[in-house]
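# Working through the structure, step by step
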Amino acid sequence: MEMILNENDIVVGAKFDNGTIQDYVDEAKTYGLIRVEDTTANWFLYNDMDSPEEMKAFYKKVKNEEHFIKNDFGEEIVLFNKKGTISFEDLTKKIDSYLDDEVMSSIY
């Protein structure tokens, strides 16, 4: 996975063999976009204890639509607006891999 950096050398996404992932694609910097082969979905991380009220309202709105949530000990990966054939589970694996790589790159 090749990290994409902004002008301040901060990780804002990644490229991998069959797709890309971006941290934020909306003006409010609420959610990102993942593309894998023929599939796209929006995604964000959510933690009920640490999220501001605006994010809690957005989370509640997304939960009323088609969505998928993977809970990792209180921090949730939330996917929505999926189009394409790749499963939510496979998309979540790519996001997990990206987040793990992002954490490791910030350590070094």
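Reading the values: rules and limits
- Residues numbered from 1 in each chain as written.
- Predicted model: local features only at pLDDT ≥ 70, side-chain atom pairs only at ≥ 80, totals over all residues.
- Heavy atoms only, no water.
- Buried < 20%, exposed > 50% of the residue type's maximum accessible area, 1.4 Å probe, protein only.
- Helix = DSSP H or I, 4+ residues; strand = E, 2+ residues; numbered from the N terminus.
- Pairing = 2+ DSSP bridges.
- Contact = heavy atoms within 4.5 Å.
- 1 Å grid on protein atoms, 1.4 Å probe; cavity = no way out; pocket = protein on both sides within 12 Å on 5 of 7 lines; lining within 4 Å.
- Points joined across faces, edges and corners; volume = space filled by probe spheres on them.
- Nonpolar A, V, L, I, M, F, W, Y, C, P; charged D, E, K, R; others polar.

## Some remarks on the pairing of strand β4 (residues 32-36)
Along any regular strand the residues' side chains alternate between the sheet's two faces. Burial of β4 is extensive: four of the five residues sit out of reach of the surface. Taken together, the four bridges between strand β3 (residues 19-22) and β4 define a ladder with antiparallel strand orientation. When the bridges of β4 are listed, T20 appears paired with R35. Relative to strand β5 (residues 39-46), β4 runs antiparallel, the two being bridged by five bridges. Bridge pairing in β5 links L33 to N42.

## Re the environment of Q22
Turning to its location among the elements, Q22 is positioned in strand β3. By relative accessible area, which is 29% here, Q22 ends up partly exposed. The sequence separation of Q22 and K60 amounts to 38 residues, and the corresponding C-alpha distance is 22 Å. Excluding residues that lie within four positions of it along the chain, Q22 makes contacts with V12, G13, G32, L33, R35 and W43.

## Quick notes on the pairing of strand β1 (residues 2-5)
Both β1 and strand β2 (residues 11-16) contribute to a ladder of four bridges, which runs antiparallel. Bridge pairing in β2 places I4 opposite G13. Here β1 folds back onto β2, and the loop between the two strands holds five residues, one of which, D9, carries a positive phi near 60°.

## So, the layout of surface pockets
The space that makes up the largest pocket amounts to roughly 280 Å³. Together, 17 residues line the largest pocket, and Y24, T30, W43, F44 and L45 are the ones closest to its centre. At four residues, β5 tops the list of elements feeding residues into the lining of the largest pocket. Tallied by class, residues from the lining of the largest pocket come to eight nonpolar, four polar and five charged.

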